[in-house]
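Chain by chain, the residues:
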Amino acid sequence: MKVTTPDTEGAQKRESVFHRLYTGTGAFDIVGKRSRWYIALGLLVLVCIGAIGFKGFNLGIDFEGGTKISMPAVGAQGPIETDAVQSAFSDAIGHPAETVQVVGAGGNQSIQVRSSSLTVDQVIDVKQQIFNQTQPLDGTGKPSQQVISDSAVSGTWGEEITTQALLALGVFLVLVTIFLAFYFEKWMAVAALVALLHDVVITAGIYSLVGFEVTPSTVIGLLTILGFSLYDTVVVFDKVKENTRGLLSMTRRTYPEAANLAVNQTLMRSINTSVIALLPVLGLLVVGAGLLGVGVLRDLALVQMVGMTAGVISSIYLATPLLVDLKMRESKYRSHAKKVEQRRAKAAAREAGEDVPEEPKPPVTAGATRQQPAARPAGKAARPSGKRRR
């Protein structure tokens, strides 16, 4: 007698889940439960849109313009604290700087101060006040005001980058639409574009919620995730196209069931691809931003990590279910689904021992009738085959 404990039951469930993931037999009803995915993703999109509308973005100096002051992170009294630099800036100008952060790691650490555009006199006052309070050291280990550098950044360059990025995004979407419409069909193109728009909104919304600074690296990273998101969607749609080829001539499964099978068959591939792609991005975020303190890598890694994750989710839980809803608006797919249901109902009735009337055979057309040989006259027998005896 086999005894099953709660632990063994849990192990069996875990094994069965992984087995279903790897075999891809359609055990996960993703398309059938699409209404709950629509609600969950819709709420997430609303939160992201609200964050963008009310909180906005933390635009960097490259987009808004301003003054950037850099200095070593070590002073005569030891490591320089960002609070001390912020206090010196406020004493000189009368208001705090927008950002004061430590970048780099080890002996290459420096402090960067970003603020709105300052006049020449204001820059001189700020540098003098920072030097008096922090005493930064030069390469010889002596306090020097010369190590405090400043630069003015115009917001025009950031505006040009944004304009070019939006232009590139528009051209990309047009080309993607044309490709999907010719390679697949119009409804697949529509579903893929909706999933792509979902990924962009989610990425931008989370970036707004986190409050990371928007830099040119952020814009570049946002453009790179579009290709990854589209790639995963095309992989799933290619399997959907394969499973639904000649579907209307058979009554084995409906279009939603064939699409759900395609999602299950590519589910493990999507998970493996996303994990492998996210590992180096996570390394950029942890090592580059966390340990080395490189802000550019942090901006690039965050937008890529969020965008890739959103791309995998949308290709599974949004693109294919939306495609099914669009396809089921056509009468031929609805009537085909009814035929499949009727065949299954009759098969279930036969298994239960019920009498199921046979379907009437289609009438035979006149052109399809086979001409019968004419009858022989009475009294004449058929001539035997073979040679006649003499």
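Procedures and definitions
Residues numbered from 1 in each chain as written. Predicted model: local features only at pLDDT ≥ 70, side-chain atom pairs only at ≥ 80, totals over all residues. Heavy atoms only, no water. UniProt positions renumbered as here; feature names shortened; annotations may be inferred. Phe/Tyr/Trp six-rings, centres within 6.5 Å; stacked < 30°, edge-to-face > 60°. Buried < 20%, exposed > 50% of the residue type's maximum accessible area, 1.4 Å probe, protein only. Lys NZ or Arg CZ within 6 Å of the ring centre and 35° of its normal. Core = buried A, V, L, I, M, F, W, Y, C linked by side-chain atoms within 4.5 Å. Helix = DSSP H or I, 4+ residues; strand = E, 2+ residues; numbered from the N terminus. Contact = heavy atoms within 4.5 Å. Pairing = 2+ DSSP bridges. Axes fitted to C-alpha atoms, helices over the stretch in contact; angles between N-to-C directions. Left-handed = near helix turned anticlockwise from the far one by under 90°. Nonpolar A, V, L, I, M, F, W, Y, C, P; charged D, E, K, R; others polar. Parallel < 35°, antiparallel > 145°, perpendicular 65-115°, else oblique.

An unreviewed UniProt entry annotates the chain as Protein-export membrane protein SecF originating from Saccharopolyspora karakumensis. According to the UniProt record, the Subcellular location (unreviewed entry) comment for the chain is "Cell membrane". You can read under Subunit (unreviewed entry) in the UniProt record for the chain the words "Forms a complex with SecD. Part of the essential Sec protein translocation apparatus which comprises SecA, SecYEG and auxiliary proteins SecDF. Other proteins may also be involved."

## Brief notes about the packing of aromatic side chains
In total, this model carries five aromatic pairs according to the counting rule given. Note on tyrosine 183 and phenylalanine 184: the rings are 4.6 Å apart at their centroids and 85 degrees apart in plane angle, and the pair reads as edge-to-face. With relative accessibility at 10%, the residue phenylalanine 184 sits in the buried group. Taken together, the ring pairs in this structure connect Phe179, Tyr183, Phe184 and Phe237 into an aromatic cluster. Stacked on the ring of tyrosine 183, the Lys or Arg lysine 241 has its end atom at 4.8 Å from the ring centre.

## Some thoughts on the nonpolar core
Membership of the largest hydrophobic core comes to 49 residues, with the highest contact counts inside it found for Leu180, Met188, Phe237, Val240, Tyr255 and Leu323. Top contributing element to this core by residue count: helix α10 (residues 295-327), with 13 residues. With residues up to four places along the chain from it excluded, the contact list for phenylalanine 237 reads Phe184, Met188, Ala191, Ala192, Ala319, Thr320 and Leu323. Judged by nonpolar contacts, the second largest core, of 18 residues, contains Ile69, Leu118, Ile130 and Phe131.

## Describing the UniProt feature "transmembrane region" (unreviewed entry) in the chain
Following the UniProt record, the feature "transmembrane region" (unreviewed entry) maps to residues 37-54, 165-184, 191-212, 218-237, 275-296 and 302-324 here. As annotated, residues 165-184 has a helix share of 95% and a strand share of 0%, and its two end C-alpha atoms lie 27 Å apart. Structurally, residues 302-324 comprises 100% helix and 0% strand, and the distance from its first C-alpha atom to its last is 32 Å.

## Description of the pairing of strand β2 (residues 66-72)
Taking burial as the measure, the seven residues of β2 include five buried ones, the bulk of the element. With five bridges connecting them, β2 and strand β7 (residues 149-153) associate as antiparallel partners. Note on β7: the bridge partner recorded for threonine 67 is alanine 152. Here β2 runs beside strand β6 (residues 110-115); their pairing, made up of six bridges, is antiparallel. For isoleucine 69, the partnering residue across the bridge sits in β6 and is valine 113.

## Focus on the sheet that holds β2
Backbone hydrogen bonds hold the strands of a sheet together, and the pairing may be parallel or antiparallel. Spatial ordering of the open sheet is given by β5-β6-β2-β7, a layout of four strands whose pairing is antiparallel. Each having just a single partner strand, β5 (99-103) and β7 make up the two edges of the open sheet. Across the sheet, the axes of successive neighbouring strands diverge by a mean angle of 20 degrees, strand direction being ignored. As paired elements, β5 and β6 share five bridges and run antiparallel to each other.

## Focus on unusual backbone geometry
Positive phi, close to 55 degrees, is recorded for glutamine 135, a residue that is not glycine. In this fold, glutamine 135 is placed in the loop between α5 (120-134) and β7. Judged by relative accessible area, glutamine 135 falls into the partly exposed class, the value being 24%.

## Describing the packing of helix α7 (residues 186-210) against helix α8 (residues 216-243)
Axis separation between α7 and α8 bottoms out at 10 Å; the angle between their running directions is 145 degrees. Crossing handedness for the pair α7 and α8: right-handed. For the pair α7 and α8, the contacting residues are Met188, Ala191, Ala192, Leu196, Asp199, Val200, Thr203 and Tyr207 in the first and Thr218, Leu222, Ile225, Leu226, Ser229, Leu230, Thr233, Phe237, Val240 and Lys241 in the second. Here the contact of α7 with α8 is built from residues that sort into twelve nonpolar, four polar and two charged.

## Let's talk about the environment of arginine 252
Considering the arrangement of structural elements, one finds arginine 252 in the loop between α8 and α9 (255-291). For arginine 252, a relative accessible area of 60% gives the class exposed.

## Here we look at the packing of helix α4 (residues 82-93) against α5
Two elements in contact, α4 and α5, have axes separated by 8 Å at closest approach and are oriented at 140 degrees. Judged on the interaxial angle alone, α5 and α4 are oblique. The handedness of the crossing between α4 and α5 is right-handed. In contact with Ala84, Val85, Ser87, Ala88, Phe89, Asp91, Ala92 and Ile93 of α4, α5 contributes Gln122, Asp125, Val126, Gln129, Ile130, Gln133 and Thr134. Taken together, the residues of the contact of α4 with α5 break down into eight nonpolar, five polar and two charged.

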